[in-house]
Every structure is written in structure tokens, then in C-alpha cells.
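Overview (structure and organization)
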Amino acid sequence: MRPRAAQARIGRRNRAGQAMVETIIALLFVLFAFLAVFQYADNLRAKLLLNYAAFRCARARTVGYNDYKLLKMVRLATMPAAGECLITDNSGSPLSTDGLRARMKTYLGCRFDGAARNVLDFDYWQNGRTPEPICRLSGNKLIVTTEQRRPQFFDVFTFFGGGQSVFSPDDDDRPTRNLHGEASIEAHYPGYLQ
């Protein structure tokens, strides 16, 4: 009788270890799915903001704003997904929402990029990641396209391809993705701006 009881205890112990391994494997798949959904949601939010920025840029172009003002309009429209604000208030703490709103008008009034960057600057407006507007006429429509190179927190292809570290939010050379936004509006401005 003793050998059977000992075998039963050993069998239970082996099954407990098997359940732990299966749980770890299942949790890894759940974590991977969560990170993929999180990255997709972040990219979707940025794409919606790029579409909104393209629409604001098209409206601004129809009333005669110059290219530099259009760039600043697009930057402000994508501000909610622009990363960390690099400008601080007088005490050295990050700007509050009211502080950001108060600086928007001053930012739009700046004539040079150096002065504008002292008023408002964000992490994703650096290193070629600024959303760029492209305006073109097609018949009587003005079509505006905005494009932004956004860093990816979790890149599936790098994760499976064995590339560089994918969990480095402070790294400037992490994987990026080009996102596009587009809007069109009737173009009446060429007739009255000439």
C-alpha cells in the first residue's frame, strides 16, 4: 500500500508543476495580446488626430495662412498624442492643461521656429517626427495630407524578428511607423488670393 500512496503524491506534484508552466505560457499570450491591443489603440488615436489636423490645415489654407502657420496648426491639432511636454512652468514642474491652453495663442503668433519651441515643445515634435502637412489642389478641391513618424512601444515584427529591444520607451531609435491623415475641402482661395 505504501508504494501506491507515494506514487500518488509524486503524481500530484508533477501535475502541479505542469499547471504552473501552462499558466505562465497562457499569461504570456495574454500579455502579448494586451500589448498589441494597446499599441493598436495608440496608433488609432494618433491617426484620428492626424485626420483632424489635416482638416484644420485645409480650413486654414483656404483663408490664406502661410506654410509655417499651417505646420503650427497641425502641431497643435496633434498635441494630445505628441508625447511629453518639454516646456515647464516657472517652478520647474510640467505645464498644466490651463498653462498649455494659455500658451497656444502665443505659439501661433511666433514668427520663427526657435521662438515657437520656447513657448511649446513636445517629445514627438523632435527628430523628424513632427507631423508635416502636404497641400495640393485637385480640380476645385484642396487635399491636405499629414504624415507623422511615430515611435512604437511594442512592435510585433521586431518582437518576433529578434531586432533591438522593443520595451525601451526612452530610446530614440526604437521602431517607428508612418501614420497618415487626410482631409479635403472646396478650394476657393486661389481665386481671391491672386
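Up top is the structure.
Note that the structure is a prediction, hence the values are computed from the model and not measured.

**A short note on the overall build of the protein chain**
Tallying secondary structure elements over the protein chain gives 6 helices and 3 strands in all. In the protein chain, the order of α-helices and β-strands from amino to carboxyl end is α-α-α-α-β-β-α-β-α. Burial statistics for the protein chain: of 194 residues in total, 34% are counted as buried. For the protein chain, the exposed area adds up to about 12,500 Å²; of that, 58% sits on carbon and sulfur atoms.

**Regarding the state of the cysteines**
A covalent bond between the sulfur atoms of two cysteines is what we call a disulfide. Under the definition given, this model contains 0 disulfides. The thiol of Cys 135 is not disulfide-bonded; the next cysteine sulfur, from Cys 57, is found 4.1 Å away.

**A look at the sheet that holds strand S1 (residues 132-138)**
Within the open sheet, the 3 strands sit side by side as S1-S2-S3. Their pairing is antiparallel. Pairing within the sheet leaves two strands with one partner each, and these edge strands are S1 and strand S3 (176-186). For this sheet, the mean inter-axis angle between neighbouring strands, taken without regard to orientation, is 20°. Here S1 pairs with strand S2 (residues 141-151) via 7 bridges, running antiparallel. When the bridges of S2 are listed, Ile 134 appears paired with Thr 145.

**Let's talk about the nonpolar core**
One finds Tyr 107, Leu 120, Phe 122 and Trp 125 to be the most contacted residues of the largest nonpolar core, which totals 14 residues. At the level of elements, helix H3 (97-109) and helix H4 (113-119) are the ones that each hand at least two residues to this core. For Tyr 107, the contacting residues outside a window of four places in its chain are Lys 72, Arg 75, Leu 76, Ala 116, Val 119, Leu 120 and Trp 125. Counting residues in each nonpolar core, the second largest holds 13 residues, with Ala 53, Leu 70, Val 74 and Ala 77 among its members.

**Description of the pairing of S2**
For a regular strand, side chains alternate in direction, first toward one face of the sheet and then toward the other. With respect to burial, S2 is a largely interior element, 8 of its 11 residues being buried. Here S1 hands over to S2 after 2 residues, with Gly 139 in that stretch at a positive phi of 70°. Sheet analysis places S2 next to S3, joined by 11 bridges and oriented antiparallel. Its bridge partner being in S3, Arg 149 is matched across the sheet by Asn 178.

**Digging into helix H2 (residues 67-77)**
Extensive coverage of H2 is indicated by the burial of 8 of its 11 residues. Leu 70, Leu 71, Lys 72, Met 73, Val 74, Arg 75, Leu 76 and Ala 77 are the residues of H2 that are buried.

**Here's the deal with the packing of H2 against H3**
At a minimum axis distance of 9 Å, the contact between H2 and H3 shows a crossing angle of 160°. Considering their axes alone, H2 and H3 lie roughly antiparallel with respect to each other. Seen along the crossing, H2 lies across H3 with a hand that is right-handed. When H2 is examined against H3, the residues Lys 69, Lys 72, Met 73, Arg 75 and Leu 76 are found in contact with a partner set consisting of Met 104, Tyr 107, Leu 108 and Gly 109.

What counts, and at which threshold
- Residues numbered from 1 in each chain as written.
- Predicted model: local features only at pLDDT ≥ 70, side-chain atom pairs only at ≥ 80, totals over all residues.
- Heavy atoms only, no water.
- Helix = DSSP H or I, 4+ residues; strand = E, 2+ residues; numbered from the N terminus.
- Buried < 20%, exposed > 50% of the residue type's maximum accessible area, 1.4 Å probe, protein only.
- Areas by Shrake-Rupley, 256 points an atom, 1.4 Å probe, with all protein chains shown as cover.
- Disulfide = S-S within 2.5 Å.
- Pairing = 2+ DSSP bridges.
- Axes fitted to C-alpha atoms, helices over the stretch in contact; angles between N-to-C directions.
- Core = buried A, V, L, I, M, F, W, Y, C linked by side-chain atoms within 4.5 Å.
- Contact = heavy atoms within 4.5 Å.
- Parallel < 35°, antiparallel > 145°, perpendicular 65-115°, else oblique.
- Left-handed = near helix turned anticlockwise from the far one by under 90°.

Note that all results are geometric; they support no functional claim without further evidence.
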